[in-house]
Amino acid sequence: MTKAIYPGSFDPVTKGHLDIIQRASKIMEHITVAVLENPRKVATFDIEERVAMLNLVTKTCPNVTVDYYRGLLIDYAQNKNINIIIKGLRAMSDFEFEFQMALVNQKLKPAMETMFMMTNNKYSYLSSSIVKEIASLGGDISSLVPPEVYETIVAKYR
Ligand code: ADP
């Protein structure tokens with residue numbers, strides 16, 4: 001079975017993330033969306049909130065499950081028997097970091113393949129940080145995030 005993992009912070013999930021999940025789930029038999037719990041980075045939404053939001057927006061995708069992990073992604077993936085990492089690419093700025101990560105992961109676990117999916121041009125400017133910046137300034141984020149999670153995100157900044 002072609003299983004892949006789509007890792008990230010998802011702090012919070014955006015329409016850009018969901019687009020990658022939906023497109024990847026048409027190619028792979030199963031996608032695990034894995035939320036990184038990074039003790040060194042302060043997140044706006046805690047791990048339970050991020051997982052709950054992802055569960056809500058993927059509830060109609062039968063071959064997608066949501067989970068979280070700590071530590072090395074390749075260790076988590078190996079435990080789950082997954083050898084493919086999916087990453088989304090927006091701009092050259094994503095490329096440099098992702099290129100380094102893909103090569104490091106390949107060095108540590110040669111069987112692990114990283115596959116890149118180009119952003120949908122509708123969402124090429126979209127990131128979790130932009131959503132948070134706009135929401136914190138009272139701007140309208142309704143076109144940037146899935147409707148199921150809009151209220152939760154706006155409520156955080158009330
Ligand atoms: P961000 O905070 O920048 O949104 P994440 O760590 O949550 O970053 O992103 C997880 C993955 O989703 C990464 O591979 C990232 O490149 C990808 N991604 C994020 N936003 C988009 C987008 N708008 N289009 C395509 N891929 C995206």
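Since this is a predicted model, take the numbers as computed values, not measurements.

1. Considerations on the pairing of strand β3 (residues 64–69)
Line of reasoning, step 1. In this structure, strand β2 (residues 30–36) lies alongside β3, joined through 6 bridges in parallel fashion. Bridging from a neighbouring strand, Thr32 pairs with Thr65 of β3.
Line of reasoning, step 2. Remark: the β2/helix α2 (residues 47–57)/β3 crossover connection has right-handed handedness.

2. A look at the nonpolar core
Line of reasoning, step 1. Counting 34 residues, the largest nonpolar core has Tyr6, Ile31, Val33, Leu54, Ile86, Ile141 and Ile153 as its most contacted members.
Line of reasoning, step 2. Mapped by element, the contributors of at least two residues to this core are β1 (3–8), α1 (15–27), β2, α2, β3, β4 (84–89), α5 (128–136) and α6 (147–156).
Line of reasoning, step 3. When residues in this core are grouped by element, the largest group, 5 residues, is from α2.
Line of reasoning, step 4. Of all hydrophobic cores here, the second largest spans 10 residues; its members include Ile5, Ala34, Tyr69 and Ile74.

3. A few points about the site of the ligand
Line of reasoning, step 1. Contacts to the ligand come from 18 residues, most closely from Tyr6, Phe10, Gly88, Thr119 and Tyr123.
Line of reasoning, step 2. At 2.9 Å, a side-chain N or O of Thr119 approaches a nitrogen atom of the ligand.
Line of reasoning, step 3. Taking 540 Å² as the accessible area of the ligand by itself, protein coverage stands at 88%.
Line of reasoning, step 4. Its residues placed into classes, the shell around the ligand shows 6 nonpolar, 8 polar and 4 charged.

4. Here's the deal with a nonpolar patch on the surface
Line of reasoning, step 1. There is a patch of nonpolar side chains on the surface, built from Met92, Phe95, Phe99 and Leu103 and spanning about 410 Å² of accessible area.
Line of reasoning, step 2. Here Phe99 lies in helix α4 (residues 92–108).

5. Digging into the packing of aromatic side chains
Line of reasoning, step 1. Across all of its chains, the model carries 3 aromatic pairs by this definition.
Line of reasoning, step 2. Ring geometry for Phe95 and Phe99: centres 5.2 Å apart, planes at 20°, overall stacked. Within this pair, Phe95 and its partner Phe99 are both found in helix α4, separated by 4 residues, close to a single helical turn.
Line of reasoning, step 3. On the basis of relative accessible area, Phe95 is assigned to the partly exposed category, the value being 34%.

6. As for the pairing of β1
Line of reasoning, step 1. Relative to β2, β1 runs parallel, the two being bridged by 6 bridges. Paired with Lys3 across the strands is His30, a residue of β2.
Line of reasoning, step 2. Regarding topology, α1 serves as the crossover connection from β1 to the parallel β2, and that connection is right-handed.
Line of reasoning, step 3. Two elements, β1 and β4, share 2 bridges in a ladder whose sense is parallel. The partner of Ile5 across the bridge, within β4, is Ile85.

7. Remarks on the sheet that holds β2
Line of reasoning, step 1. Judged by pairing direction, the sheet is parallel, and its 5 strands sit side by side in the order β3-β2-β1-β4-β5 without closing on themselves. Every other strand in the sheet has two partners, leaving β3 and β5 (113–118) as the edge strands with one partner each. The average undirected angle you get between the axes of adjacent strands in this sheet is 30°.

8. Quick word on the environment of Pro62
Line of reasoning, step 1. Considering the arrangement of structural elements, one finds Pro62 in the loop between α2 and β3.
Line of reasoning, step 2. Sequence spacing of Pro62 and Ile31 is 31 residues, and the spatial spacing of their C-alpha atoms is 9.7 Å.

The rules behind the values
Residues numbered from 1 in each chain as written. Predicted model: local features only at pLDDT ≥ 70, side-chain atom pairs only at ≥ 80, totals over all residues. Heavy atoms only, no water. Pairing = 2+ DSSP bridges. Helix = DSSP H or I, 4+ residues; strand = E, 2+ residues; numbered from the N terminus. Right-handed = clockwise from strand over helix to strand, strands pointing away. Core = buried A, V, L, I, M, F, W, Y, C linked by side-chain atoms within 4.5 Å. Buried < 20%, exposed > 50% of the residue type's maximum accessible area, 1.4 Å probe, protein only. Near = heavy atom within 4 Å. Polar contact = N/O pair within 3.5 Å; in protein donor to acceptor, adjacent residues only side chain to side chain. Areas by Shrake-Rupley, 256 points an atom, 1.4 Å probe, with all protein chains shown as cover. Nonpolar A, V, L, I, M, F, W, Y, C, P; charged D, E, K, R; others polar. Patch = residues over 30% accessible without salt bridge, like charges linked within 9 Å, V, L, I, M, F, W, Y side chains within 5 Å. Salt bridge = Lys/Arg side-chain N within 4 Å of Asp/Glu carboxyl O. Phe/Tyr/Trp six-rings, centres within 6.5 Å; stacked < 30°, edge-to-face > 60°. Axes fitted to C-alpha atoms, helices over the stretch in contact; angles between N-to-C directions.

This is a description of form; function is not addressed.
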